[in-house]
Each structure stands twice: as C-alpha cells, then as structure tokens.
Amino acid sequence: MGSLSGKPTPDHEELPLVDPQPIDRKISPFDIAHQRSSFGDGSEHAGCKCILSGIFRSIKIAMLSTKLNLLVPCGPLAILVDKLTNYHGWVFFLSLFGIVPLAERLGWATEQLAFFTGPTVGGLLNATFGNATELIISMLALQSGMIRVVQQSLLGSILSNMLLVLGCALFGGGIVHFQREQVFDKPSAAMNSGLLLMAVMGLLFPAVLNSTNTELHFGQSELALSRFSSCIMLVAYSAYIFFQLTSQKNLYAHINEEESQTNESSDNDEVADISKWESVVWLSILTFLISVLSEYLVNAIEGASVAMNIPVAFISVILLPIVGNAAEHAGAIMFAVKDKLDISLAVAIGSSTQISMFLIPFTVVVGWVMDRPMSLNFQLFETAILLMTVLVVAFMLQDGTSNYFKGLMLLLCYLIVAASFFVHMDPESVQDKPENYT
C-alpha cells in the first residue's frame, strides 16, 4: 500500500519496531548502569554523575550487605588506641575484630571475580584467597623476626580448620539430618589426608633431628633439611594442583556447580553483584586494609601476652586463626546443614592441605630469601599435636560417612588442644626476639 501522500514507502526504509540486539543475554546491574549512561545529552556532568553513582552502588553492595561489617570501625579504633595509649591488649583485640569483616569481604570479592573466570579458575581463586589473611600475617611477622608466631599461627590455622571448622560442620549437619548419616566423596578426603601426612613428615624430621642432637653440622643441618623439604613440598603441591586441574578437573567444577545449585533461582542463572574490574579493585583495597591492620595485630602480640598474662603460644595458635577462618567457618557449617558435605570438606580439609603443603614451605623459602632462619622445626610439642590431629581426622573420615557424634568428638579434641596451648610456654632458647617491638 502507498502512503497518504501518494508516494510509496519502500519496505527497506521502514524503521524496525524492536532493537535487533540479542535477548538471550541476562543483564547485570553494572550493564544497566552502562546503558543508562548512554542516554541523555552525553554531557560531562551526566558522565561524572553516572561514575559517582556506580562507585556509591559498589560501596553499598560491598560494605552494607552483611551485618558482620558492623565490626569494621574496630580497625580505625585499633590504630587510634595504638597511637594514643600503650594498651597493647586493646590494640590486639580491636585489630582482631577489625580484620574479621575484611577477611569475610575478601572471600566475597573472590567469589564475585569467580563469575568471570569460570568454575575451575574460580575454585582455585577461592582456595588461594581463602588463606590470604594467614599469609599476610605470616609475612609481616616474619619480617619482624617473629618466627615462632609464624610457625604457631600457621599450625593453629591447620588445627582450627581440621578440628573446629570441620567439627562444627559435621556436628551441625548431623543435628539437622539426625535421622540418617551424611555421605561424602571418600577418595578426595583420602587424598587430602595423605598430603597432610606428608606435611607432618616434613615437620617431624627436622624436629626429631634437632631434639636428638644428631645433626651433622650443629645449627645448620636442621635449617638445610627444612629448606630442601620445603622445596619438595612445593613441588608436590604444584603436582597436586596440576592433577586436580587436568586428570580430576571435576573437583573445582563440582564444588562450584553444587554451590550454584544451592542458590538456584527460577532463572537457573546467577549474576555477579559487581563487575570484573570492581572485583579486582575490591580485592586490592581489602588486601591493603588487612595488611595495615595485621601489622598492628602482630606488633601487639607480645604486649597483649604480657598485659593479659596469656601465653604467646595460645594467642598464636588459638586466637589468631579464628580471624582467618571466620568466613570458612560460616561457609562450612552452611553447606553441611544443606547436606553439601563435600563442599564443607573441601573448605576445611582443603584449606588445611594448602596451608601445610604451600603456605608453610613458602614461608620457609621466603625466610631463606630474607635471611631469616625460618625452618620446619615446629618443636616436638607442636608437631606431636599436629600428628595426632591428622590421624584422628583421617580415622573419622575413612568410611565416607558423617554424623553429629563425629563432629562432637572433633570439637572436644579442639578443646583439649586449646587447653594444652594455654599451659604451654616455649623454652627461652626458641622464643621470639622481635626487631621492631618496643
């Protein structure tokens, strides 16, 4: 048909009624913000307003989406108390509480970044950044010459994950699913138990060599053996990661798939709360803030021990790991309650494996570079406790089933460990002499 003016309107000049862009793509919040910025007159004012709006939205999502962030002011308070007073006990506990929400948000930012990296790399990122707090505290303590704090805090993280975190997860899951036993992937648990026993071997031999006075070169053989064993352990852990990402790539993918299934909506898809670059920025900011507070925390350990009359060993092994394991603790219990016990084991046992086979030998190598005598000799008392913990957990998990009684046993074992360190004091010959403690 022609137009009202009598002139025909060619079909190819007709305006499309809909936008030809694909409709199967799910639009995320940061895409909407980008689309809004393309409308209007394109003025500089509108552009700046859109950028500021995006920044405020990102801050709101990151800092106001969890009640745990109510503890964030403890960080600035710790710095203020340190500058104005000499109350090291207050500085220590304020720093401790201030790091807890930052560590939880670090895990959240890693999960957001995992949306853009895929399940395999995302699972590896979660495993790595999950122990970022422990690594930062260890590096700062090592730089200050506090070798025993490094050793005991890393040991405490392993004990906390294997007894406290896993115990709470098994107990909580067993209570909720009281009528039946929960099951998990036994081969994966057995592989992690084997790696933990290898780590115990690496820690046991230098301690025995030192305590029996059978060193070929006194004061040097123990350190040389520790550095050699650390390199071997790093190679073993690298081979383990390669094996999981190639021969058994279903580990990280399986974990991420189960996590997504627990949060499935009617759309069957999840969208990141923030963009990829926002995730990277938040990871950088949170890592920096944790580093700052960790420095105050480490510097206050000795003073807090004296002020509260609590052994440094108890602070390092029991109190410090609670900070780094706060996010893992909540996550492991949540997944166990939802009958996703494989994820709980991956969080607790997997984190312990990474600390024992990567973080501990890594700190030995870094100490080697920094000319610090960091070794795998954790002393016989600590090494014996670690050996018994690994054996108890391995026996608890050997049949591939779980119930509330097993969780209760692990929690009671942790109470025995905590009481042991409360009455334990290092001999004067191995006590730290920090360089920048005043």
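Cut-offs used in this document
- Residues numbered from 1 in each chain as written.
- Predicted model: local features only at pLDDT ≥ 70, side-chain atom pairs only at ≥ 80, totals over all residues.
- Heavy atoms only, no water.
- Phe/Tyr/Trp six-rings, centres within 6.5 Å; stacked < 30°, edge-to-face > 60°.
- Helix = DSSP H or I, 4+ residues; strand = E, 2+ residues; numbered from the N terminus.
- Buried < 20%, exposed > 50% of the residue type's maximum accessible area, 1.4 Å probe, protein only.
- Patch = residues over 30% accessible without salt bridge, like charges linked within 9 Å, V, L, I, M, F, W, Y side chains within 5 Å.
- Areas by Shrake-Rupley, 256 points an atom, 1.4 Å probe, with all protein chains shown as cover.
- Salt bridge = Lys/Arg side-chain N within 4 Å of Asp/Glu carboxyl O.
- pLDDT = per-residue confidence, 0-100.
- Contact = heavy atoms within 4.5 Å.
- Core = buried A, V, L, I, M, F, W, Y, C linked by side-chain atoms within 4.5 Å.
- Polar contact = N/O pair within 3.5 Å; in protein donor to acceptor, adjacent residues only side chain to side chain.

Trainee: How should I be thinking about the packing of aromatic side chains in this particular structure?
Mentor: Geometrically, a pair of aromatic rings is defined through the distance of the ring centres and the angle of the planes. Inspection of every chain in the model, using the stated rule, returns 8 aromatic pairs. Note on F314 and F422: the rings are 5.2 Å apart at their centroids and 85 degrees apart in plane angle, and the pair reads as edge-to-face. Taken as a pair, F314 in helix 12 (residues 312-324) and F422 in helix 16 (residues 404-422) lie far apart in primary sequence, 108 residues in all. F314 gets classed as buried once you look at its relative accessible area, which sits at 14%.

Trainee: How do you make sense of a nonpolar patch on the surface when you look at a structure like this?
Mentor: On the surface, a nonpolar cluster with roughly 500 Å² of combined accessible area is contributed by I51, L52, I55, F56 and I59. I59 sits in the partly exposed class, given a relative accessible area of 37%.

Trainee: Looking at this model, I keep getting lost on the confidence of the model for the chain. Mind explaining?
Mentor: It should be kept in mind that the predicted coordinates are not to be read in detail where pLDDT is low. Overall, the predicted model of the chain reaches an average pLDDT of 79, with 78% of residues at or above 70. The secondary structure element of the chain with the lowest average pLDDT is helix 1 (residues 29-37), at 47, and the one with the highest is helix 16, at 94. Note on residues 1-30: pLDDT is under 50 here. Beyond four places in sequence and across chains, it has 19 contacts. Taken as a whole, residues 32-40 scores under 50 in pLDDT and shows 4 contacts with residues more than four places along the chain or in a different chain.

Trainee: Help me understand the nonpolar core, please; the structure alone is not making it clear to me.
Mentor: Within soluble globular proteins, side chains that are nonpolar tend to cluster in buried spots. Counting residues in hydrophobic clusters, the biggest one holds 97 residues, and the most contacted among them are F92 and L166. Of the residues forming this core, the biggest block, 15 residues, is contributed by helix 7 (residues 147-176).

Trainee: What's the story with the environment of I301 in this structure? I'm lost.
Mentor: Relative to the helices and strands, I301 resides in helix 11 (residues 276-308). Given the relative accessible area of 0%, I301 is considered buried. Each C-alpha atom, one on I301 and one on F93, is 9.7 Å from the other, the two residues being 208 residues apart in sequence. Excluding anything up to four places from it in sequence, I301 contacts F92, M146, V149, V312, I315 and L320.

Trainee: In this structure, what is going on with the side chain of H424? I would like to understand it.
Mentor: Note on placement: H424 falls in the segment after helix 16. Owing to a relative accessible area of 13%, H424 belongs among the buried residues under this scheme. For H424, the side chain forms a polar contact with the side chain of E382, separated by 3.4 Å. At 3.4 Å, the side chain of H424 and the side chain of D426 are in polar contact.

Trainee: For this particular structure, what's the right way to read the pattern of salt bridges?
Mentor: It is possible for side chains bearing opposite charge to pair when their charged atoms get close. Tallied over the full model, the rule gives 4 salt bridges. With a closest N to O distance of 2.9 Å, D426 and R148 form a salt bridge. Here R148 lies in helix 7 and D426 lies in the segment after helix 16, a separation of 278 residues in the sequence. For the residue pair D426 and R148, the accessibility class agrees, reading buried in each case. Here R180 and D339 are joined by a salt bridge, their closest N and O atoms 2.5 Å apart. One end of the pair, R180, is in the loop between helix 7 and strand 1 (182-183); the other, D339, is in the loop between helix 13 (326-337) and helix 14 (341-369), with 159 residues separating them in the sequence. Residue D339 is classed as partly exposed on the basis of its relative accessible area, which comes to 30%. When salt bridges with common partners are traced through the structure, they connect R148, E382 and D426 into a single cluster.

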